[in-house]
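# Working through the structure, step by step
If you want the building blocks of each chain, they are given just below.
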Amino acid sequence: MDALILKLRRRHRGHFGLEPAVVSYAPGRVEILGNHTDYNEGFVLSAAIDAGIAFGLNPSGTPESTLFASDFDESVRFPAGHPGRTDKERWSNYARGVYSLMRVKYGFEPQGFLATQLGDIPIGSGLSSSAALDIASGLAFAAFHGLAPDKIDLARIGQKAEHEYAGVNCGLLDQISSLFGQAHGLVFTDFRTLQVKSVLLPPGYAFLVANTAVKHALVDSEYNERRRRCEEAAAYFARVLGPRVKTLRDVSWDDLERHRGSLDPAVWNRAAHPIGEDERVLKGVDLLHMGDAAGFGRLMFESHRSSQIYFQNSCPELDTLVEAAHATPGVLGARLSGGGFGGSIVALIEEARAESVARALAAAYEKAHGHVIEPRVVVPSAGARLI
Ligand code: ADP
Ligand code: MG
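As the structure is a computational prediction, the values presented were derived from the model and not from experiment.

Bringing the side chain of Asn93 into the picture now. Mapped onto the fold, Asn93 is located in helix α2 (residues 93–106). Within the structure, the side chain of Asn93 is placed 2.8 Å from the backbone oxygen of Thr86, a separation counted as a polar contact. Apart from residues lying up to four places away in sequence, Asn93 is in contact with Arg85, Thr86, Tyr165 and Ala166.

Structural data, given as structure tokens:
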């Protein structure tokens with residue numbers, strides 16, 4: 001992080017000839033446990049990672065703003081009061097959206113700025129470089145306008161910027177994780193109440209993320225089917241268990257077992273995944289409190305199994321990596337992370353064996369699928385902040 005901030009200051013000086021008056025930093029994130037639970041109002045464990053986006057700015061003294069993407073060596077200008085969105089420099093839509101939405105929420109007078117953004121998160125590899133950009137820019141804009149926004153409000157602004165300006169339909173997990181990250185800790189989020197707490201990871205462990213770079217076709221229609229089935233299952237349980245059931249969050253594994261015969265098996269299977277995940281997340285928090293990394297790792301393998309048999313959101317590439325992880329010394333658990341149907345796996349590893357684990361996974365992947373991948377160690381890190 002420190003090196004990234006230094007580089008940001010240097011690039012900002014180089015581009016604008018000014019020392020940035022405001023500097024912020026926001027990390028990327030990884031989903032650790034709790035898959036497809038967010039829209040079922042359940043629980044997720046995630047972590048902010050040791051890579052992020054740095055954002056620096058000065059007042060421009062004019063009604064115009066300039067945004068410089070140092071990694072792309074591109075810059076854009078727009079009226080401070082009307083950042084709008086663009087189909088050209090799409091990387092600018094995140095900050096444009098955040099600025100516009102903050103103005104709507106907080107009603108400040110727009111002021112021109114000269115801003116630089118710079119990152120060290122691999123883009124599009126499942127570590128949410130975009131959420132880091134939302135949050136880093138949001139924190140900098142807040143400081144620029146003398147605001148101290150509530151973290152959940154800022155997370156919502158970031159999410160809305162993704163929906164309305166970047167055209168990406170994401171949940172809130174990415175922004176929450178970036179904001180609430182803790183060094184050596186996981187972020188526990190209750191997606192009904194949006195209460196967040198941190199849970200320490202026992203010392204000596206880290207995570208490894210391996211990105212398949214695969215994205216299977218029809219992902220959107222597959223997602224829609226999963227969501228629809230989850231809603232159907234929740235409606236069924238509201239009928240049989242009463243109106244206390246609002247979402248699958250309110251259905252226990254025991255409830256589910258009791259209704260195995262009476263619910264359409266296709267619906268039952270889909271519901272089993274988020275319901276099982278909720279229980280694993282709660283159990284996982286207890287295990288981490290007891291320092292039981294091995295037990296936590298087993299829950300990660302169970303999570304992947306649940307993806308395979310119930311939710312069917314895994315794919316051969318993800319399975320290769322999880323199976324290889326299972327067979328590799330130094331790995332305690334592994335599972336697909338995020339939406340599925342491609343994307344990444346995350347493994348809980350002994351930090352001291354990170355290199356050999358990364359090599360073993362890359363070798364297994366190349367052997368099975370003919371592609372070279374670069375698994376990456378991620379260390380749970382502190383959340384977004386002003387520097
Ligand atoms: P991710 O999973 O990494 O969030 P997305 O496709 O959601 O992938 O977001 C990636 C987009 O975010 C990039 O295409 C770019 O527009 C923007 N972005 C991410 N990192 C940077 C960066 N360092 N500089 C400029 N734009 C960035
Ligand atoms: Mg993103």
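Once the structure has been displayed, the description carries forward.
The environment of ligand 1 is made up of 14 residues, and the closest members are Asp71, Trp91, Gly124, Ser129 and Ser130. In the environment of ligand 1, an oxygen atom lies 2.7 Å from a nitrogen or oxygen atom belonging to the side chain of Ser129. Here ligand 1 loses 79% of its free accessible area of 560 Å² to cover by the protein chains. Broken down by secondary-structure element, the contributors of at least two residues to the shell around ligand 1 are β5 (113–119) and α3 (129–144). Residue classes in the shell around ligand 1 are distributed as six nonpolar, seven polar and one charged.

Once that is clear, we can look at the packing of aromatic side chains. Taken as a whole and judged by the stated rule, the model has 14 aromatic pairs. An angle of 75° between the planes, with centres 6.1 Å apart, marks the rings of Phe78 and Phe113 as edge-to-face. Of this pair, Phe78 sits in strand β4 (residues 74–79) while Phe113 sits in strand β5, and the two are 35 residues apart along the sequence. Taking the relative accessible area as the measure of exposure, Phe78 reaches 3% and is therefore buried. Within the aromatic cluster, the residues linked to one another by ring pairs are Phe55, Phe78, Tyr99, Phe108, Phe113, Phe141 and Phe144.

Another point: the nonpolar core. With 72 residues, the main nonpolar core has Ile32 and Leu45 as its most contacted residues. Both of domain 1 (2–200) and domain 2 (205–378) provide at least three residues apiece to this core. Filtering out sequence-adjacent residues up to four positions away, Ile32 remains in contact with Leu45, Ser46, Ala47, Leu186, Phe207, Phe296, Met300, Arg335 and Val346. Within the second largest apolar cluster, 24 residues are counted, among which are Ala324, Leu336, Ile345 and Ala358.

So, about helix α11 (residues 354–369). A turn of α-helix holds 3.6 residues, and therefore any two residues three or four places apart point the same way. Taking 1.5 Å per residue as the helical rise, α11 with its 16 residues ought to reach 22 Å, and the 22 Å between its terminal C-alpha atoms agrees with that figure. Buried within α11 are the following residues: Ala354, Val357, Ala358, Leu361, Ala362 and Tyr365. Projected down its long axis, α11 carries its buried residues within an arc of 130°, all on one side. Along α11, exposed side chains directed more than 90 degrees from the buried face belong to Glu355, Arg359 and Lys367. Buried positions along α11 lie against β8 (205–215), α10 (316–326), β9 (331–337), β10 (342–350) and β11 (376–378).

Taking strand neighbours across the sheet as the criterion, the four strands line up as β9-β10-β8-β11 in an open arrangement whose pairing is antiparallel. If you trace the sheet from one side to the other, it starts and ends with β9 and β11, each paired once. Ignoring strand direction, the axes of neighbouring strands in this sheet form an average angle of 25°. Sheet strands touched by helix α9 (residues 293–311): β8, β9 and β10. Its angle to β9, the strand with the most contacts, is close to 35°.

Scoring rules and cut-offs
- Residues numbered from 1 in each chain as written.
- Chains lettered and ligands numbered in written order.
- Predicted model: local features only at pLDDT ≥ 70, side-chain atom pairs only at ≥ 80, totals over all residues.
- Heavy atoms only, no water.
- Helix = DSSP H or I, 4+ residues; strand = E, 2+ residues; numbered from the N terminus.
- Polar contact = N/O pair within 3.5 Å; in protein donor to acceptor, adjacent residues only side chain to side chain.
- Contact = heavy atoms within 4.5 Å.
- Near = heavy atom within 4 Å.
- Areas by Shrake-Rupley, 256 points an atom, 1.4 Å probe, with all protein chains shown as cover.
- Nonpolar A, V, L, I, M, F, W, Y, C, P; charged D, E, K, R; others polar.
- Phe/Tyr/Trp six-rings, centres within 6.5 Å; stacked < 30°, edge-to-face > 60°.
- Buried < 20%, exposed > 50% of the residue type's maximum accessible area, 1.4 Å probe, protein only.
- Core = buried A, V, L, I, M, F, W, Y, C linked by side-chain atoms within 4.5 Å.
- Domains from an automatic or database assignment.
- Expected span 1.5 Å × (residues − 1).
- Arc of directions from axis to C-beta.
- Pairing = 2+ DSSP bridges.
- Axes fitted to C-alpha atoms, helices over the stretch in contact; angles between N-to-C directions.

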